[in-house]
Amino acid sequence: MKDSQELSGNVTGNKIVMSGIRPTGFLHLGNYFGAIRNYIRMQESNECYFMVADLHSLTTHPDTKSLKSNVHRVLAENIACGLDPDKAAFFCQSQVYETAELYLYLNMLAYKGELEKTVTFKDKVRQHPENVNAGLLTYPVLQAADILLHRASFVPVGKDQEQHLEMARNFANRFNHRYGDVFPEPQAFNFNETLVKVPSLDGTGKMSKSENAMATLYLADDDDMIRKKLMKAKTDSGPTEKNSVKPDYIENIFLLMGLVSAPDTVASYEADFNNASIRYGDLKKQLAEDMIRFISPIRQKAADILSNEKYLAEVMEKGAQKARVSAQKTMKLVREVMGLNYY
Ligand code: TRP
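The rules behind each value
- Residues numbered from 1 in each chain as written.
- Predicted model: local features only at pLDDT ≥ 70, side-chain atom pairs only at ≥ 80, totals over all residues.
- Heavy atoms only, no water.
- Helix = DSSP H or I, 4+ residues; strand = E, 2+ residues; numbered from the N terminus.
- Rg over C-alpha atoms; globule rule 2.2 N^0.38 Å.
- Buried < 20%, exposed > 50% of the residue type's maximum accessible area, 1.4 Å probe, protein only.
- Contact = heavy atoms within 4.5 Å.
- Areas by Shrake-Rupley, 256 points an atom, 1.4 Å probe, with all protein chains shown as cover.
- Salt bridge = Lys/Arg side-chain N within 4 Å of Asp/Glu carboxyl O.
- Domains from an automatic or database assignment.
- Buried area = accessible area lost by both parts, 1.4 Å probe.
- Core = buried A, V, L, I, M, F, W, Y, C linked by side-chain atoms within 4.5 Å.
- Near = heavy atom within 4 Å.
- Polar contact = N/O pair within 3.5 Å; in protein donor to acceptor, adjacent residues only side chain to side chain.
- Nonpolar A, V, L, I, M, F, W, Y, C, P; charged D, E, K, R; others polar.

A. Local environment of the overall build of the protein. Scanning the protein for helices and strands turns up 14 helices and 5 strands. On C-alpha atoms alone, the protein measures out to a radius of gyration of 22 Å, which is about the 20 Å that the 2.2 N^0.38 rule sets for 343 residues. Projected onto its principal axes, the C-alpha positions of the protein cover 80 × 45 × 45 Å. Residues counted as buried form 49% of the 343 residues belonging to the protein. Look at the contacts in the protein between residues 6 or more apart in sequence, and 78% of them connect residues 24 or more apart. Total accessible area on the protein is roughly 16500 Å²; 51% of this is exposed by carbon and sulfur atoms.

B. Focus on the pattern of salt bridges. In total, this model carries 20 salt bridges according to the counting rule given. In this structure, Asp-84 engages Lys-87 in a salt bridge whose closest nitrogen and oxygen atoms are separated by 3.9 Å. Two residues, Glu-116 and Lys-112, come together in a salt bridge whose shortest N-O distance is 3.5 Å. Of this pair, Glu-116 and Lys-112 both sit in helix H5 (residues 112-116), 4 residues apart, which is roughly one turn of the helix. Within this structure, Glu-44, Asp-84 and Lys-87 form a network of salt bridges that share partners.

C. Layout of the domain arrangement of the protein. By domain assignment, the protein separates into domain 1 (4-189 + 308-338) and domain 2 (213-303). Taking the mean C-alpha position of each, domain 1 and domain 2 sit 34 Å from one another. In this complex, domain 1 contributes 11 residues to the contact, which on the side of domain 2 involves 14 residues. When domain 1 packs against domain 2, close to 1100 Å² is buried across both sides, 81% of that on carbon and sulfur atoms. Of all residues in domain 1, the largest losses of buried area upon contact with domain 2 belong to Leu-29, Phe-33 and Ala-80, amounting jointly to 47% of the total for that side. Where domain 1 touches domain 2, the interface holds 0 salt bridges.

D. Region of interest: the nonpolar core. Leu-29, Leu-217, Leu-230, Leu-256 and Met-291 are the most contacted members of the largest nonpolar core, which totals 60 residues. A domain split of this core shows at least three residues from each of domain 1 (4-189 + 308-338) and domain 2 (213-303). Non-local contacts of Leu-217, meaning those with residues more than four positions away in its chain, are made with His-28, Leu-29, Leu-201, Met-207, Ile-226, Lys-229, Leu-230, Met-291 and Ile-295. Core analysis: the next-biggest nonpolar cluster, separate from the first, contains 40 residues, Met-51, Phe-121, Phe-171 and Met-338 among them.

E. Structural context of the site of the ligand. Taken together, 14 residues lie near the ligand, and Arg-22, Tyr-139, Gln-143, Asp-146 and Gln-161 sit nearest. Within the contact set of the ligand, a nitrogen atom lies 2.8 Å away from a side-chain nitrogen or oxygen of Tyr-139. Burial of the ligand by the protein amounts to 93% of the accessible area it has alone, namely 370 Å². Of all the secondary-structure elements, those providing two or more residues to the shell around the ligand are strand E1 (16-21) and helix H8 (139-148). Looking at the shell around the ligand, the element that brings in the most residues is H8, giving 4 residues. Residues of the shell around the ligand, tallied by class, amount to 7 nonpolar, 5 polar and 2 charged.

Structure (structure tokens):
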């Protein structure tokens with residue numbers, strides 16, 4: 001993972017950024033601190049393509065009647081967090097048809113053996129043995145197409161996507177060797193200090209889109225729900241000795257506080273912990289209020305955007321147009337080096 005403050009441009013010298021967001025489930029605090037915050041920072045001084053991965057979601061056969069509302073929600077929530085469709089191209093994968101063409105060419109360079117070894121594929125096979133379709137197998141090829149289509153060098157993603165990124169690099173290199181140099185090597189990117197794994201409230205793992213909703217804080221949760229979830233967060237009766245080591249679940253609560261509370265608030269509870277005089281009930285009440293101050297403006301803004309279908313349509317159209325310009329430039333080069341330019 002690259003961790004410098006600024007994107008310095010890789011061997012090809014570009015600073016093109018691309019990432020995809022699956023339109024499944026409500027966004028939560030972990031999505032914000034793990035990904036969205038990086039997008040917002042990157043959009044300021046780079047050419048950014050942020051995409052809703054609706055085609056990827058088809059691999060698991062969702063009810064397509066819910067696609068539109070899921071796509072709308074992802075758009076609205078990201079914009080409410082600060083993603084700016086005037087700065088970045090914010091678009092829907094299915095609206096950029098060049099994706100399918102590049103996916104087809106890359107499929108010829110992707111081998112069955114390596115695709116079958118992909119961790120995410122093996123997980124899906126285990127979870128849904130009745131639906132092991134070819135789209136699922138070639139999921140990483142489609143993802144590589146998304147990235148390479150814009151000849152992006154930087155891909156802000158979490159750790160779980162590193163294998164897919166490595167595969168995208170392999171496909172890019174194979175293409176370059178076979179046909180000619182078109183693609184830079186994309187690399188996973190994260191501003192080091194903002195790479196935060198937001199823990200779940202029950203002390204097991206991290207916040208998740210699908211598992212254990214009561215242990216995850218969603219950007220759509222109302223104030224009472226936020227209070228309720230935080231009051232239920234796992235604690236104990238407190239340290240009995242001064243300067244004790246914090247158990248994991250207490251460490252987690254302090255981590256959450258560090259994300260949304262004022263530094264002196266955190267410091268004062270740290271001091272109480274170290275004095276063995278901390279009252280977790282008070283801490284949780286304080287954290288709930290600070291969390292509400294953080295989440296509720298985002299929730300309200302997202303609701304406003306969601307109710308404005310005309311605006312959402314404009315965002316998608318504008319984003320798709322920007323993405324198509326970049327995609328068409330790349331595909332012209334791709335067809336040329338492949339010898340698919342017959343006249
Ligand atoms: N596979 C990614 C995920 O599950 C989503 C994704 C699709 C993506 N296309 C991408 C991420 C391109 C980065 C770049 O989160």
